[in-house]
Amino acid sequence: MHGILTIFRKELGDHFNSMRFLLISALIVMVGVIITSMVGMAIQEELRGMAKPTLIFLLLFTSTGKLFSFVQFIGFFGPLLGIFLGFDSINRERVSRTLSKLVSQPIFRDSIINAKFLSGVTVIAIVLVATVLLISGLGIRLIGVVPGVEEVWRLVIYIVISLLYISFWLGISILFSVVFRSTATSALASLAIWIFFSFFVSLGASVMADAVAPVSQTASGVDAEMLIRHERIQRVASLVSPMALYSDATTTILDPMRKTTRTLILMGPMERFSMSRFQSPLPLLESILIVIPHLISIVAITLLCFGICYFVFMRQEIRTV
Amino acid sequence: MTGQNIVETEELTKKYGAQTAVNRLTLQIEEGEIFGFLGPNGAGKTTTILMLLGLTEPTSGKAAVIGFDPTREPFKVKEKVGYLPENVGFYDDMDARQNLRYIARLNRIPGEVTEKRIDYWLEMVGLSEEGSKKVGTYSKGMRQRLGIAEVLIKEPKLIFLDEPTIGLDPDGTNRMLDLIHSLSREKKMTLFLSSHLLDQVQRICDRVGIMINGKLVAMGPIEELAKKKLGLDQEDYTLEEIYMKYFKEA
Ligand SMILES: Nc1ncnc2c1ncn2[C@@H]1O[C@H](COP(=O)(O)OP(=O)(O)OP(=O)(O)O)[C@@H](O)[C@H]1O
Ligand SMILES: [Mg+2]
C-alpha cells in the first residue's frame with residue numbers, strides 16, 4: 001500500500017507537470033467551451049418567449065449544433081487522453097533504466113502498475129469534472145436555466161461512464177507500454193487500436209450485416225423481417241467496440257426521451273407504443289437499469305486488459321536493457 | 001545450508017533456453033566481508049545478482065539471502081539489500097535530492113531521517129555541491145556516484161554492486177574504494193561486487209570468486225588462490241595472474 005501511494009504521488013506530479021497533459025486538456029476544455037457556446041446560443045434563440053421544457057440543461061451536452069455534440073466529442077477524442085497518459089508509462093522507465101531500480105526496492109511489483117493506472121484515472125477524473133463544471137457554468141449563463149436534481153444526477157453518471165471509458169483506453173495504452181520496449185511503438189499501437197475501433201468496427205458491422213441479412217428493395221417495399229435482422233446484427237457486431245458501448249450508454253443517460261439503447265426499428269411494439277403515447281422522459285432509475293449492461297461490458301474489457309497487463313508485467317524479465 | 005552466512009546458494013542454476021547462464025553455483029558469503037565476483041563478459045555475474053535479489057527466477061537450485069528465499073520472499077530481501085545495477089538510471093528531470101528522496105520514500109524511511117541521510121551520503125560520494133542540479137545534466141561518473149548514494153540511503157545490510165567504479169576518475173575511484181572499505185569495516189555492511197578491474201578488487205576484497213561460462217571455478221581469499229595456482233613460494237603475485245591462469249584453463 002505504501003509503495004502504491006508513493007509511486008502514485010510521483011506519477012500524479014509528473015502528469016500535471018507534463019506538456020502533453022497541458023496540451024490535451026487545454027484542447028478538451030477549448031472544444032468543450034466552443035461547442036457549448038454554439039449550442040447554448042442556439043437554444044437561447046429557440047426558447048425565446050417559451051416555457052422551458054424539462055431536462056433542457058442536458059441538451060447542452062447532447063445537441064450536435066453545427067458540428068458535433070460534446071458527448072460525441074468525448075466519445076471520439078477521449079480515448080486520446082487515456083492513451084497519452086499511459087502509452088509510455090512502463091517503457092519510459094525501462095528506457096531510462098529506472099525500472100530495474102524501482103523493482104529492487106521493497107515494493108510489490110504490481111504496485112507499480114496499480115499506481116500508474118490509478119494516477120492516470122485520477123487525472124482523467126479531474127479533467128472530466130472540470131470540463132463538465134465549466135460547460136455547466138457557461139450553460140447556466142447562456143440559457144438561464146439552473147440544472148435540476150435529476151439533471152445533476154445524470155451528469156454525474158455521465159462522468160462516471162466517461163471515466164470508465166477513458167480508463168479503458170488508459171489500460172490499453174499501459175498494456176502496450178508493458179509489451180513494447182519502445183515508446184514510439186506503444187504509442188502507434190494504441191493509436192492503431194483507436195482508429196480501428198473508431199472507424200472500422202462500425203464499417204465492419206454494417207458489412208457483416210449486409211452479408212448475413214441483405215436488405216433488398218423489392219417491389220413490395222422493404223422486407224421488414226430482413227431489415228430487423230440486419231439492424232440487430234449490425235448492432236451486436238458494433239457492440240464489440242467500446243465506442244459503441246459508450247455512445248449507447250451516454251445517449252441513454254443524457255437523452256432520457258430515448259427509452260432504449262436500440263434504434264427505432266428494433267423496438268418492440270410495446271416500446272414503440274409507449275413512446276408515441278407518453279412523450280415523457282424515462283425515469284432516472286430506468287435509464288440506469290438500461291445502461292448497466294453497457295457499464296459492465298466496459299468494466300469487463302478494462303479489467304481484461306488490465307489483467308493481461310499484470311500477467312505480462314509480473315513475468316517479465318527486468319534487465320537493464 | 002547452515003543459515004549462518006548472509007548469502008548462501010546451493011546448485012543455483014539459470015537457463016535461458018538452451019544456454020546455461022549460471023551453472024550449479026554453490027557459494028557462501030559471510031557477514032561483513034567484501035566479496036569480489038570476477039569473470040569474463042557473459043560469465044553470468046549479473047544473472048547471479050539478479051537471482052539473489054529475486055528479480056529473476058532461478059531454473060533450479062536454492063538460495064538464501066539474509067535468511068530469506070529471494071524467489072519466495074523478495075520483499076523481505078529487498079528491504080535489507082541494496083543493489084547498484086550495471087547501468088544505473090535516474091529520473092533525469094528531477095534533481096539528485098529528489099531522486100534520493102523518492103527512493104527513501106519507497107523504503108519507508110521517515111522524512112527527517114531522509115534529509116539527514118541525503119546530506120550525509122551526498123557528501124560521502126562527493127556530490128554535495130551538485131545536489132540540486134537536474135540529474136539529466138550529470139556526467140557519467142557523477143551518475144555512478146549518485147547511484148552509490150542512492151543504494152546507501154537505505155543503509156542496507158548487504159549491497160550488490162555491479163561494476164561500481166566504472167566511469168569514475170582516478171580520484172573518484174580511490175575515494176569509492178575507501179568508501180566501500182569503510183562500509184564493511186565501520187558500518188559492518190557486507191559487499192558483493194562484480195568487477196573487471198582486478199587491481200581494485202585485489203586492493204579491497206577479502207575473498208573472490210571467479211566465474212567462467214556460468215561455472216564458479218575458484219573461490220577463496222586471494223592469497224589462498226595464489227598459493228594454489230601460482231605455487232607456495234611466490235610472494236609477489238597479482239590477482240590478474242591468478243585470474244588469467246584460471247581463464248586459460250577453462
Ligand atoms: N534475458 C536473457 N535472455 C537470454 N539470454 C540472456 C538473458 N540475460 C542474460 N543472458 C545470457 O546470460 C549470460 C550471462 O549474462 P550476464 O549478464 O549474467 O553476464 P555478466 O557476467 O554480467 O557479463 P558482463 O561482465 O559483460 O556484465 C550471457 O551469455 C547472456 O547472453
Ligand atoms: Mg554484468
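Here the structure is shown first, and the text comes after it.
Everything quoted here is computed from the prediction, not taken from an experiment. (Residues numbered from 1 in each chain as written. Chains lettered and ligands numbered in written order. Predicted model: local features only at pLDDT ≥ 70, side-chain atom pairs only at ≥ 80, totals over all residues. Heavy atoms only, no water.)

**Observations concerning the overall build of chain A**
Stated precisely, the cut-off is as follows: In this description a helix means any DSSP run of H or I spanning at least four residues, a strand means any run of E spanning at least two, and both kinds are numbered starting from the N terminus. Only protein chains enter the accessibility calculation, which uses a 1.4 Å probe; a residue whose area is less than 20% of its type maximum is buried, one above 50% is exposed, and one in between is partly exposed. Here, residues are in contact when the closest pair of their heavy atoms is within 4.5 Å. Computed with a 1.4 Å probe, the accessible areas rest on the Shrake-Rupley method; for each residue, only the protein chains presented here act as cover.
Looking only at helices and strands, chain A has 13 helices and 2 strands in total. For chain A, buried positions account for 49% of its 321 residues. Considering only residue pairs separated by 6 or more positions, chain A has 82% of its internal contacts joining residues 24 or more positions apart. Of the roughly 15,200 Å² that chain A leaves accessible, carbon and sulfur atoms contribute 72%.

**Brief notes about the packing of aromatic side chains**
The test is simple: Between rings of Phe, Tyr and Trp, where Trp is taken as its six-membered ring, a pair exists when centres lie within 6.5 Å; planes separated by under 30 degrees are stacked, by over 60 edge-to-face, and by other angles tilted.
In this structure the tally under the stated criterion is 22 aromatic pairs over all chains. Residues Phe76(A) and Trp194(A) carry aromatic rings whose centres are separated by 5.2 Å and whose planes lie at 45 degrees to one another, so their mutual orientation is tilted. You can see Phe76(A) sitting in helix H4 (residues 70–86) and its partner Trp194(A) sitting in helix H9 (residues 183–212), a full 118 residues away along the chain. Residue Phe76(A) is classed as partly exposed on the basis of its relative accessible area of 37%. For Trp194(A), a relative accessible area of 10% corresponds to the buried category. Seen from their ring centres, Phe35(B) and Phe37(B) are 6.1 Å apart, and the 40 degrees between their planes marks the pair as tilted. Of the two residues, Phe35(B) and Phe37(B), neither departs from the other in class, the shared state being buried.

**Some thoughts on helix H6 (residues 170–185) of chain B**
To keep things clear, this is the line we draw: Expected span of a helix: the number of residues minus one, times 1.5 Å.
Taking 1.5 Å per residue, 16 residues should reach 22 Å; H6(B) reaches 23 Å between its end C-alpha atoms and fits that length. For H6(B), the secondary structure elements touched by its buried residues are strand E3 (34–38), helix H4 (111–124), helix H5 (140–152), strand E6 (158–162), strand E7 (190–194) and helix H7 (198–204) of chain B.

**Details of the environment of Gly111(B)**
Summarising the element assignment, Gly111(B) is placed in helix H4. A C-alpha to C-alpha distance of 8.5 Å links Gly111(B) and Arg101(B), two positions 10 residues apart in sequence.

**Some remarks on helix H11 (residues 242–254) of chain A**
Quick reminder of the rule: Definition of a polar contact: a pair of N or O atoms within 3.5 Å, with one able to donate and the other able to accept a hydrogen when the atoms are protein atoms, and with sequence-neighbouring residues admitted only if both atoms are side-chain atoms.
Given a rise of 1.5 Å per residue, 13 residues ought to cover 18 Å, and the 18 Å separating the end C-alpha atoms of H11(A) matches this to within 8%. Of the residues that open H11(A), the one with a side-chain oxygen 3.0 Å from the backbone nitrogen of Met243(A) is Ser241(A).

**Observations regarding the sheet that holds strand E5 (residues 81–84) of chain B**
Residues and elements named next belong to chain B. What counts is decided by this rule: By the convention used here, strands pair only if DSSP detects at least 2 bridges between them. Axis lines are fitted to C-alpha atoms, over the contacting stretch for helices. Their N-to-C directions set the angle, which ranges from 0 to 180 degrees.
Pairing within the open sheet is mixed, and its 6 strands lie in the order E5-E6-E7-E3-E8-E9. The sheet is open, and its two borders are formed by E5 and strand E9 (215–221), each paired with just one other strand. Sheet twist, expressed as the average angle between the axes of neighbouring strands with direction ignored, equals 15 degrees. Of the pairings in the sheet, the one linking E3 to strand E8 (residues 207–212) comprises 4 bridges and is parallel in character. Directly across from Gly-36, in E8, lies its bridge partner Val-208. On top of the sheet, helix H8 (residues 222–230) reaches E8 and E9; it is set at about 115 degrees to E9, its chief contact. Running at roughly 30 degrees to E8, helix H9 (residues 239–249) makes contact with E3, E8 and E9 of the sheet.

**So, the interface of chain A and chain B**
Convention followed: We define buried area as the total accessible area lost by two parts upon association, computed with a 1.4 Å probe and summed across both. One side-chain nitrogen of Lys or Arg within 4 Å of one carboxyl oxygen of Asp or Glu is enough to make a salt bridge. Each residue is assigned to one of three groups, with Ala, Val, Leu, Ile, Met, Phe, Trp, Tyr, Cys and Pro labelled nonpolar, Asp, Glu, Lys and Arg labelled charged, and all others, Gly among them, labelled polar.
Contacts between the two partners involve 24 residues from chain A and, on the opposite side, 28 residues from chain B. When the two sides are added together, the surface that chain A and chain B hide from each other amounts to roughly 2,500 Å², 58% of it contributed by carbon and sulfur. A salt bridge links Lys101(A) to Glu150(B), with the nearest nitrogen and oxygen atoms 2.9 Å apart. Our enumeration of links across chain A and chain B arrives at 6 residue pairs in polar contact (both at pLDDT 80 or more). When residues of the side of chain A that touches chain B are traced back to their parent elements, those giving at least two are helix H1 (2–17) and helix H6 (99–103) of chain A. At 6 residues, the largest contribution of residues to the side of chain A that touches chain B is made by H1(A). Of the residues that constitute the side of chain A that touches chain B, the class distribution is 7 nonpolar, 9 polar and 8 charged.

All quantities given are derived from atomic positions and should not be read as evidence of function.
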